[in-house]
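Below are the chains, spelled out letter by letter.
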Amino acid sequence: MEFQTLIRTRRTIRKFEQNPVSKEQLHRYIDAARLAPSAANLQPLKYVSVSSPEVCEKLFFLTRWAGYLEDYTPKDGERPTAYIAVCADLNIRKNGYEFDAGAAATHIILSALSDGIGACWMGAIDYEKIPKLLGLDENLKLLYVIALGYPKESPSEVEMEDENVKYFIGEDGTLRVPKRSLDEVIIKSL
Ligand SMILES: Cc1cc2nc3c(=O)[nH]c(=O)nc-3n(C[C@H](O)[C@H](O)[C@H](O)COP(=O)(O)O)c2cc1C
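Keep in mind it's a predicted model, so treat the numbers as computed, not measured. (Residues numbered from 1 in each chain as written. Predicted model: local features only at pLDDT ≥ 70, side-chain atom pairs only at ≥ 80, totals over all residues. Heavy atoms only, no water.)

**Some remarks on the overall build of the protein**
And then number 1: Summing up its helical and strand segments, the protein has six helices and seven strands in all.
And then number 2: Taken from the N to the C terminus, the helices and strands of the protein come in the order α-α-β-α-β-α-β-α-β-β-β-β-α.
And then number 3: For 190 residues, the compact-globule estimate of 2.2 N^0.38 gives 16 Å, and the C-alpha radius of gyration of the protein, at 17 Å, lies within 12% of that figure.
And then number 4: For the C-alpha atoms alone, the extent of the protein along its principal axes is close to 50 × 45 × 30 Å.
And then number 5: Counting all 190 residues of the protein, 41% fall into the buried class.
And then number 6: A fraction of 77% describes how many contacts in the protein between residues 6 or more apart in sequence connect residues 24 or more apart.
And then number 7: Total accessible area on the protein is roughly 11,200 Å²; 51% of this is exposed by carbon and sulfur atoms. (Helix = DSSP H or I, 4+ residues; strand = E, 2+ residues; numbered from the N terminus. Rg over C-alpha atoms; globule rule 2.2 N^0.38 Å. Buried < 20%, exposed > 50% of the residue type's maximum accessible area, 1.4 Å probe, protein only. Contact = heavy atoms within 4.5 Å. Areas by Shrake-Rupley, 256 points an atom, 1.4 Å probe, with all protein chains shown as cover.)

**Side note on the site of the ligand**
And then number 1: In the vicinity of the ligand lie 15 residues, with Thr 12, Arg 14, Ala 66, Ala 124 and Lys 179 positioned nearest.
And then number 2: In this structure, Arg 10 approaches the ligand through a side-chain N or O atom, which is 3.0 Å from an oxygen atom.
And then number 3: In this structure, an oxygen atom belonging to the ligand sits 2.7 Å away from a side-chain N or O atom of Lys 179.
And then number 4: Expressed as a share of its isolated accessible area of 620 Å², the protein-covered part of the ligand is 71%.
And then number 5: Mapped onto the shell around the ligand, the elements with two or more residues apiece are strand 3 (118–122) and strand 7 (175–179).
And then number 6: Top contributing element to the shell around the ligand by residue count: strand 3, with three residues. (Near = heavy atom within 4 Å. Polar contact = N/O pair within 3.5 Å; in protein donor to acceptor, adjacent residues only side chain to side chain.)

**Section: the domain arrangement of the protein**
And then number 1: What the domain assignment lists for the protein is domain 1 (3–153) and domain 2 (155–190).
And then number 2: Taking the mean C-alpha position of each, domain 1 and domain 2 sit 24 Å from one another.
And then number 3: On the side of domain 2, 11 residues touch domain 1, which itself brings 12 residues to the contact.
And then number 4: Summed over both sides, the interface of domain 1 with domain 2 buries roughly 930 Å², with 68% coming from carbon and sulfur.
And then number 5: For the domain 1 face of the interface with domain 2, the top three residues by lost area are Arg 11, Tyr 68 and Leu 69, together amounting to 64%.
And then number 6: Linking domain 1 with domain 2 are zero salt bridges.
And then number 7: Between domain 1 and domain 2 we count one residue pair in polar contact (both at pLDDT 80 or more) in total.
And then number 8: Among the residues forming the side of domain 1 that touches domain 2, the class breakdown is five nonpolar, two polar and five charged. (Domains from an automatic or database assignment. Buried area = accessible area lost by both parts, 1.4 Å probe. Salt bridge = Lys/Arg side-chain N within 4 Å of Asp/Glu carboxyl O. Nonpolar A, V, L, I, M, F, W, Y, C, P; charged D, E, K, R; others polar.)

**Topic: the nonpolar core**
And then number 1: Core analysis: the largest hydrophobic core is formed by 23 residues, its most contacted members being Ile 84, Tyr 144, Ile 146 and Leu 148.
And then number 2: At the level of elements, helix 2 (23–34), strand 2 (82–89), helix 4 (98–113) and strand 4 (140–149) are the ones that each hand at least two residues to this core.
And then number 3: The greatest single-element share of this core, amounting to six residues, is contributed by helix 4.
And then number 4: Residues within four places of Ile 84 in sequence aside, it is in contact with Leu 26, Tyr 29, Ile 30, Tyr 47, Val 48, Ile 108, Tyr 144, Val 145, Ile 146 and Leu 148.
And then number 5: Listed in part, the 20 residues of the second largest apolar core include Val 50, Phe 60, Cys 120 and Leu 142. (Core = buried A, V, L, I, M, F, W, Y, C linked by side-chain atoms within 4.5 Å.)

Structure, rendered in structure tokens:
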């Protein structure tokens, strides 16, 4: 897909086909994250790739989905088939890694999307149990996970009305995601 189209049509995916995503694919997306911009070029981020169905299953129950909707948690048969957990290595940088982490997430998500793989960036996760599940050392602080898999839904963007930021299910049953207009977000052009 052409890059501008990819960026414009990317939406968070929360329902997935059950085809596997390979370790090699995940490592390619982590490689894209590795090359992202990094403040002072310290590169404090480290990653765990998860493609084993057993670990995916356990991880799923430590994540929370689509807080604005009554019941949009993926059901059996539509759950992610892979994850990437993103951590800060506190031995490299004790704080101030958040901007790096945002850039890394974008690289992972867009790199996966260029392979046709959808993603959900997840911060509503169990920050106590996931590090134990993944066997993270003390110096690794879990920042977020990205759930991945082939899309089984087609959400789309709609223009935001009346400051309503909440995504919703449209008349055709697909997810609609309100976005502020370009005019609203450009403060001025000098
Ligand atoms: C830092 C961050 C944390 C997020 N955490 C979650 C989450 O825990 N669960 C979830 O379902 N979506 C999560 N999302 C996805 C957002 O809900 C989604 O990006 C937003 O509704 C806009 O939709 P879009 O990505 O399709 O443009 C998160 C997004 C970001 C950037």
